Amino acid sequence: MTSRPPRHRLDYVDQLVGDDSAGEAPAGVVREFGTDPSRARDVDVVHLTDVAKAIGTRRTSEHERTRRAKRFVKLLRRQRIALVRTVRAEEVGRAPSRAEVIIDQAAASLVSLTATTSSTGHATVIIAHSHLRDRFLGFPRAESVPGRILITAHDELPAAYEAVVKVFAASDLPEWTLRIAGAVPAELEDSYTRTLADHTGAFSLRDEALSDAARVEEISQAELVVVAAPESNESQSIILLALSLDRAVLVEDTAAMRTLADEVGSEWVRRHPGALTADALETALLALRSSPPADRPNLDAREPNAISAQYTAVFRAAAGEH
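Definitions and cut-offs
Residues numbered from 1 in each chain as written. Predicted model: local features only at pLDDT ≥ 70, side-chain atom pairs only at ≥ 80, totals over all residues. Heavy atoms only, no water. Helix = DSSP H or I, 4+ residues; strand = E, 2+ residues; numbered from the N terminus. Rg over C-alpha atoms; globule rule 2.2 N^0.38 Å. Contact = heavy atoms within 4.5 Å. Areas by Shrake-Rupley, 256 points an atom, 1.4 Å probe, with all protein chains shown as cover. Polar contact = N/O pair within 3.5 Å; in protein donor to acceptor, adjacent residues only side chain to side chain. Pairing = 2+ DSSP bridges. Axes fitted to C-alpha atoms, helices over the stretch in contact; angles between N-to-C directions. Expected span 1.5 Å × (residues − 1). Buried < 20%, exposed > 50% of the residue type's maximum accessible area, 1.4 Å probe, protein only. Arc of directions from axis to C-beta.

Draft legend 1. Here's a closer look at the overall build of the chain. Assigned secondary structure in the chain consists of eleven helices and ten strands. For 322 residues, the compact-globule estimate of 2.2 N^0.38 gives 20 Å, and the C-alpha radius of gyration of the chain, at 21 Å, lies within 12% of that figure. Each principal axis of the C-alpha atoms in the chain carries an extent, and together these give about 65 × 45 × 30 Å. The contacts of the chain with a sequence gap of at least 6 include a subset with a gap of at least 24, amounting to 73%. Just so you have it, the chain exposes about 15100 Å², and 49% of that area is on carbon and sulfur atoms.

Here it is in structure tokens:
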């Protein structure tokens, strides 16, 4: 696994491991964790959770990325190690680099959280994000604050959330407030400061990287969680955490979000067409109040050990091809 092991904070790698609190996590796969895939030895499969770990970031020269890709693939072939990699949402829709083509052509399987293809056009195996209901049992929670909308991130707020802040500021929503929880990017501090100063009382800000406990607290106090760029790995985590805490989300209407809404309940996954506008936000909030969610979101298909078992099957199939 080219990632950190499961740790005190939620990470994508938790999807692969499942929940062994009752001794029921899928067995038969021994996992080793590291951040340098070229050091993999005596394993059957390397899972690249981030292709940059093998070829470098976009800041690395294309020549160097291509050289690293060729060297890495040669190393795997020499040791008869199969390759599985995770395709991230941000890779889709852009022209692939030569290095990415080399990696994808060598992979036994590509996996993704939502239906997509890699930037090279290779089809992916879809393994959904698991629910998080059991992971945070016992964590302190709070009652929902009526009229509170939340935008949040694990660490730094993605740039896409600046637009959400400006849309809320331009909306006519006297009964609603916007809570911002997450570290504000340095380059956007002035923008956030100006907007919040112009709308005192309508906004509140918690400008810091959040622990899991803090995110559970913030989400449980919200009436609605707005998630920008909903198909990224981090956004998927926030969406599933909100749904696991029985909080509705508002996301852009994409094919993946329509599928999610059909699965868990459309009253839990509220969608707006295209980029969020003041009219779309006002319409969504009016619909939420007139038809609030009933029961709980249907997360039966996202049981953590069922998701882990799907990854185990992918690893076994990849190893079997070598």
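What follows continues from the structure just given.
Draft legend 2. Up close: the side chain of His129. As for its position among the elements, His129 is in the loop between β4 (125-126) and β5 (148-156). There is a polar contact of 3.3 Å between the side chain of His129 and the side chain of Gln15. Excluding anything up to four places from it in sequence, His129 contacts Gln15, Leu113, Gln236, Ser237, Leu240 and Arg302.

Draft legend 3. Structural context of the sheet that holds strand β3 (residues 109-112). The parallel open sheet is built from four strands, whose spatial order is β1-β2-β3-β4. In the strand order of this sheet, the two ends are held by β1 (45-48) and β4, each with one partner. Examined bridge by bridge, strand β2 (residues 82-86) and β3 share three bridges and lie parallel to one another. Along β3, the bridge assignment pairs Val84 with Ser109. Contacts between helix α4 (residues 98-106) and the sheet are confined to β1, β2 and β3, with β2 contributing the most and set at about 120 degrees to the helix.

Draft legend 4. Molecular detail of helix α10 (residues 278-290). With 13 residues, α10 extends 18 Å between its outermost C-alpha atoms, agreeing within 8% with the 18 Å of an ideal straight helix rising 1.5 Å per residue. Buried within α10 are the following residues: Ala278, Ala280, Leu281, Ala284, Leu285 and Leu288. On an axial view of α10, the arc spanned by its buried residues comes to 165 degrees, and they lie on one face. Those residues of α10 that are exposed and angled more than 90 degrees off the buried face are Asp279, Thr283, Leu286 and Ser290. Structurally, α10 contributes buried residues whose contacts are with β5, α5 (161-170), β8 (224-226), β9 (248-252) and β10 (269-272).

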